[in-house]
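# A closer look at the structure
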Amino acid sequence: MKFKRIVFWRHGQTDQNLEARIQGTTDNPLNETGLAQARLVAPEVASLGITKIVVSDLIRAQQTAATVAEILGITPIVDARLRERCYGLWEGMTAAEINEKWPEEFAAWRNGHQPVGMGIQTRSEVGANFVQAVQEQVAIADEGEVLLFVAHGGSIVNGIITLLGLDPETWVGIQGLDNCRWALLEERPGVHPGWKLRSYNRTTADPDELENIWR
């Protein structure tokens, strides 16, 4: 039996990524490097057998999704629940700038806690929103379909943690995807958690390396 598979692809580089600034929900476009990354990796993602594309409403994700959509001739579905975690007052700032202005809150954040009073969205809320969008698409997919979700480092990692039955507020054992890297999960009907992580932080889809994924 062929189970459903889902691929999560993080957008390419932006100027804010390059400058190590927190973007969050700020709607920044890809820079030239990011566009080149997306064009380079898109054929690899397309080779995974993608049947549907769902993308965040933020432009950097949509520009990334467009590169694989063009190859496959698929029109992406836009879903705002895939958008990046909101970082409130910290959006547009570097870690050094945040630490200088809010040292206590920054220390809490670095230690895995939720900063208070900064307007930052919780990891669990981001994960729940992301998973809700994923599950809606999975529910209407046929067996053997491969669904591509193009989104952001924070939203994807918190979504994966939630899908794996863990609490993103207390379990932070997976680092966010690097720019233009992808992860693949496979459905596990009738067991808990209902998904298993098969491949992570990839840019290539080499058949020899990925042979076990398709068994």
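Everything discussed here concerns the structure shown above.
Report on the accompanying structure. (Residues numbered from 1 in each chain as written. Predicted model: local features only at pLDDT ≥ 70, side-chain atom pairs only at ≥ 80, totals over all residues. Heavy atoms only, no water.)

## A closer look at the environment of Arg-21
Which entries qualify depends on this criterion: Only runs of H or I of at least four residues qualify as helices and only runs of E of at least two qualify as strands under DSSP, and these elements are numbered from the N terminus. Only protein chains enter the accessibility calculation, which uses a 1.4 Å probe; a residue is then buried when its area is under 20% of its type maximum, exposed when over 50%, and partly exposed in between. In this analysis, two residues are considered to be in contact whenever any of their non-hydrogen atoms come within 4.5 Å of each other. Pairing of N or O atoms within 3.5 Å defines a polar contact, subject to two protein rules: one partner must be a possible hydrogen donor and the other a possible acceptor, and residues neighboring in sequence count only if both atoms are side-chain atoms.
Structurally, Arg-21 can be placed in the loop between helix H1 (15-18) and helix H2 (32-46). For Arg-21, a relative accessible area of 27% puts it in the partly exposed group. Spatially, the C-alpha atom of Arg-21 lies 20 Å from that of Gln-62, the residues being 41 residues apart in sequence. In this view, Arg-21 contacts Gln-16, Gly-92, Met-93, Thr-94 and Glu-97; residues no more than four positions away in its chain are not counted. Engagement of the side chain of Arg-21 in a polar contact is seen with the backbone oxygen of Gly-92, the distance being 3.0 Å.

## As for the pattern of salt bridges
Here is the rule we go by: Salt bridges are counted wherever a side-chain nitrogen of Lys or Arg sits within 4 Å of a carboxyl oxygen of Asp or Glu.
According to the stated counting rule, one finds 8 salt bridges in the structure shown. Glu-186 serves as the salt-bridge partner of Arg-198, at 3.3 Å between the closest nitrogen and oxygen. With Arg-198 in strand E6 (residues 195-202) and Glu-186 in strand E5 (residues 182-187), the pair connects residues that are 12 residues apart, well separated along the chain. Arg-198 gets classed as partly exposed once you look at its relative accessible area, which sits at 26%. With a relative accessible area of 5%, Glu-186 lands in the buried category. Here the residues in one salt-bridge network are Arg-5, Glu-186, Lys-196 and Arg-198, joined through shared partners.

## Focus on the sheet that holds strand E1 (residues 5-10)
Our working rule: Pairing between two strands is assigned when DSSP locates at least 2 bridges connecting them. Orientation is described by lines fitted to C-alpha atoms, with helices fitted over the stretch in contact, and by angles between N-to-C directions that extend from 0 to 180 degrees.
Ordered in space as E3-E2-E4-E1-E5-E6, the 6 strands form an open sheet in which the pairing is mixed. Of all the strands in the sheet, just strand E3 (77-78) and E6 have a single pairing partner and so form its edges. Relative to E5, E1 is paired through 5 bridges, and the arrangement is antiparallel. Bridge pairing in E5 links Val-7 to Leu-184. Packed onto the sheet, H2 meets E1, strand E4 (146-151) and E5 and runs at close to 175° relative to E1. Of the strands in this sheet, E1, E4, E5 and E6 touch helix H7 (residues 153-163), which is tilted by about 150° from E1.

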